[in-house]
Amino acid sequence: FMTSGYFDQLSYFGTTRYEGKQRNFSVNALYEFPVNKKSYLRFGASYKYENINEAISLPTYSGKTFAGNYDKLEFVPGVYTEGSFEFKELDLSLIGGLRADYHNEYNTIMTPRFLVRYQLTANTVIRVSFGTGFRTVNPLSEYPSFLASGKDIKGLRDIKPEKTINYGIDILQYFVIGGASGNINFDFYKTIFNNKVIAECDVMPYMYMFTNFEDAGSNVFQVESSVNFLQNLDFKLAYKYIDLYYFKNGIRLEQPFNSKHRLLSGITYTAPGNSWIFNLTLQWFGRQDLPATDKYPLQYQRQSESDSYTLMNVQLTKNFKYFETYIGIENVLNFTQSNHIISAENPFDKNFDTSFIWGPTRGRDFYIGFRYLIK
């Protein structure tokens, strides 16, 4: 298959002018043949082309130094192979693959991956995965809020590609208790960065600094359970722990704007005959570390941690023969972050900062909708 695209953007962030153009093209070919009844080998080739041209214009009085052109040209031919094998007598499935790409700037890139699925019992499944990753970073499009702030931006031309090693394990257990059936899932996933690009917001006053860190990573753990009662009531509860870290001068630091602890719960009731559906979800986000603002003037300083908060959404759907209608409320509790823009009253001041957002900025939202069903 083949894809192509063209994107053109012109934006003004106050007096900062941003113009970006992106052209991309990719083609992929795949050949698959069976080894036996449930095992396959796949061979493929691909080609990716991407050309990004970004231009920043700033007035001379702004004191900012990142005006200029930022161009990226990538063409990446590659080949890959993958084997999928199922050993029914051992209750075991294996997938192994290797991809080799040649990047016009970074030369040969090898990315292997390996997955194992083992049916421990009739109701227990274990999955193990391992792989590597590689990507180039586009800081201006990934951090657009920086362009609206009064701070200068450094390090844009020193960014290196991100390289990772990742592995994880997943345990899925099915169960039936009385009139209830469901599953519980334990998942752990670790990523180790050989290079990680981090936008440091407080390394110097009035400056964002894009920095390459050779020692960084993440630990993600999740436990999730879904239960169905009497075919009509579904309940879901999940806890997620996300640890994003990096080492600077031998000291372990936490990445800001990340809720380490999160909870998600949901209840769905489906009336007999699927005539209507009621859905309620609750999301709780724990505290987040925030960039230091102790070097700002006193009136612009912020707390070093965010508040924890809860989001509640409800929706009621009514089904008819050929269409369905729905009505709902998002952010039922009407929680919003206060003072989410620093120095909002002075948008051209160096203290003006739009990147300090850690929670919702919109309150309670009502909506109504209609879907026509085509069978």
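Residues numbered from 1 in each chain as written. Predicted model: local features only at pLDDT ≥ 70, side-chain atom pairs only at ≥ 80, totals over all residues. Heavy atoms only, no water.

Quick look at the overall build of the protein now. Within the protein, the secondary structure is distributed over two helices and 19 strands. On the principal axes, the C-alpha backbone points of the protein span a range of 70 × 50 × 50 Å. By residue count, 35% of the 375 residues in the protein fall in the buried class. In the protein, once contacts between residues fewer than 6 apart in sequence are set aside, the share between residues at least 24 apart is 57%. Separation of charge centres in the protein, based on 38 positive and 37 negative side chains, amounts to 4 Å. (Helix = DSSP H or I, 4+ residues; strand = E, 2+ residues; numbered from the N terminus. Buried < 20%, exposed > 50% of the residue type's maximum accessible area, 1.4 Å probe, protein only. Contact = heavy atoms within 4.5 Å. Lys, Arg positive; Asp, Glu negative; His and termini not counted. Charge placed at Lys NZ, Arg CZ, Asp CG, Glu CD.)

Counting 17 residues, the largest nonpolar core has Ile-56, Phe-66, Ile-153 and Phe-210 as the members making the most contacts within it. At the level of elements, α2 (145–148), β10 (180–204) and β11 (207–213) are the ones that each hand at least two residues to this core. The leading source of residues in this core is β10, at three residues. Those residues within four positions of Ile-153 in sequence are excluded, and the remaining contacts are Thr-65, Phe-66, Phe-146, Leu-147, Tyr-208 and Phe-210. Core analysis: the second largest hydrophobic core is formed by nine residues, Tyr-296, Tyr-309, Leu-311 and Trp-358 among them. (Core = buried A, V, L, I, M, F, W, Y, C linked by side-chain atoms within 4.5 Å.)

Right, let's get into the environment of Gly-369. Relative to the helices and strands, Gly-369 resides in strand β19 (residues 365–372). Taking the C-alpha atoms as reference points, Gly-369 and Gly-328, separated by 41 residues in sequence, lie 8.9 Å from one another. Those residues in contact with Gly-369 that sit more than four places away from it in its chain are Glu-324, Thr-325 and Tyr-326.

Structurally, the position occupied by Val-35 is in strand β2 (residues 16–36). Given a relative accessible area of 45%, Val-35 falls into the partly exposed group. Placed 163 residues apart in sequence, Val-35 and Ile-198 show a C-alpha to C-alpha distance of 45 Å. Ignoring anything within four residues of it in the chain, the contact list for Val-35 reads Tyr-40, Leu-41 and Phe-85.

This part covers unusual backbone geometry. Of note, Phe-257 is a non-glycine position whose phi angle comes to about 60°, a positive value. Of note, Phe-257 is situated in the loop between β14 (251–254) and β15 (261–270). Using a relative accessible area of 27% as the deciding quantity, one classes Phe-257 as partly exposed. Phi angles above zero are rare outside glycine, and Asn-334 is one such case at about 60°. Along the chain, Asn-334 turns up in the loop between β18 (323–330) and β19. The exposure class assigned to Asn-334 is partly exposed, which follows from its relative accessible area of 37%.

Tallying each qualifying case throughout the model produces 23 salt bridges. A salt bridge links Arg-17 to Glu-19; its shortest N-O distance comes to 3.3 Å. A residue is classified by how much of its surface remains accessible, and Arg-17, at 25% relative accessible area, is partly exposed. Between Lys-196 and Glu-162 there is a salt bridge, with its nearest N and O atoms 3.7 Å apart. Of the two residues, Lys-196 is situated in strand β10 and Glu-162 in strand β9 (residues 162–177); the sequence distance between them amounts to 34 residues. One salt-bridge network, in which partners are shared between bridges, spans Glu-32, Arg-42, Glu-82 and Arg-113. (Salt bridge = Lys/Arg side-chain N within 4 Å of Asp/Glu carboxyl O.)

The tally for this structure, following the rule as stated, stands at 19 aromatic pairs. Directly above the ring of Tyr-70 sits Arg-157, whose terminal nitrogen or CZ lies 4.1 Å from the centroid. One residue, Lys-318, lies across the ring of Phe-320, its end atom 5.7 Å from the ring centre. (Phe/Tyr/Trp six-rings, centres within 6.5 Å; stacked < 30°, edge-to-face > 60°. Lys NZ or Arg CZ within 6 Å of the ring centre and 35° of its normal.)

Where nonpolar side chains cluster on the molecular surface, the patch consists of Phe-229, Leu-230, Leu-233, Phe-235, Leu-237, Ile-267, Tyr-269, Trp-276, Phe-278, Leu-316, Ile-327 and Ile-368 and spans about 1,100 Å² of accessible area. Taken together, the elements giving at least two residues each to the nonpolar patch come down to β13 (233–248), β15 and β16 (276–285). At three residues, the largest contribution of residues to the nonpolar patch is made by β13. Here Trp-276 falls in the partly exposed class, since its relative accessible area comes to 34%. (Patch = residues over 30% accessible without salt bridge, like charges linked within 9 Å, V, L, I, M, F, W, Y side chains within 5 Å. Areas by Shrake-Rupley, 256 points an atom, 1.4 Å probe, with all protein chains shown as cover.)

Moving on, we come to the pairing of strand β6 (residues 107–121). Across twelve bridges, strand β5 (residues 92–103) lies against β6 in antiparallel orientation. Pairing of Leu-92 across the sheet is with Tyr-118, part of β6. A loop of three residues connects β5 with β6, the two strands running antiparallel in sequence. (Pairing = 2+ DSSP bridges.)

All right, on to the side chain of Asn-258 then. With respect to the helices and strands, the residue Asn-258 is situated in the loop between β14 and β15. By relative accessible area, which is 8% here, Asn-258 ends up buried. Within the structure, Asn-258 has its side chain in polar contact with the backbone oxygen of Ile-242 (distance 3.0 Å). Apart from the residues within four sequence positions on either side, Asn-258 is in contact with Ile-242, Leu-244, Arg-287, Gln-288 and Asp-289. (Polar contact = N/O pair within 3.5 Å; in protein donor to acceptor, adjacent residues only side chain to side chain.)

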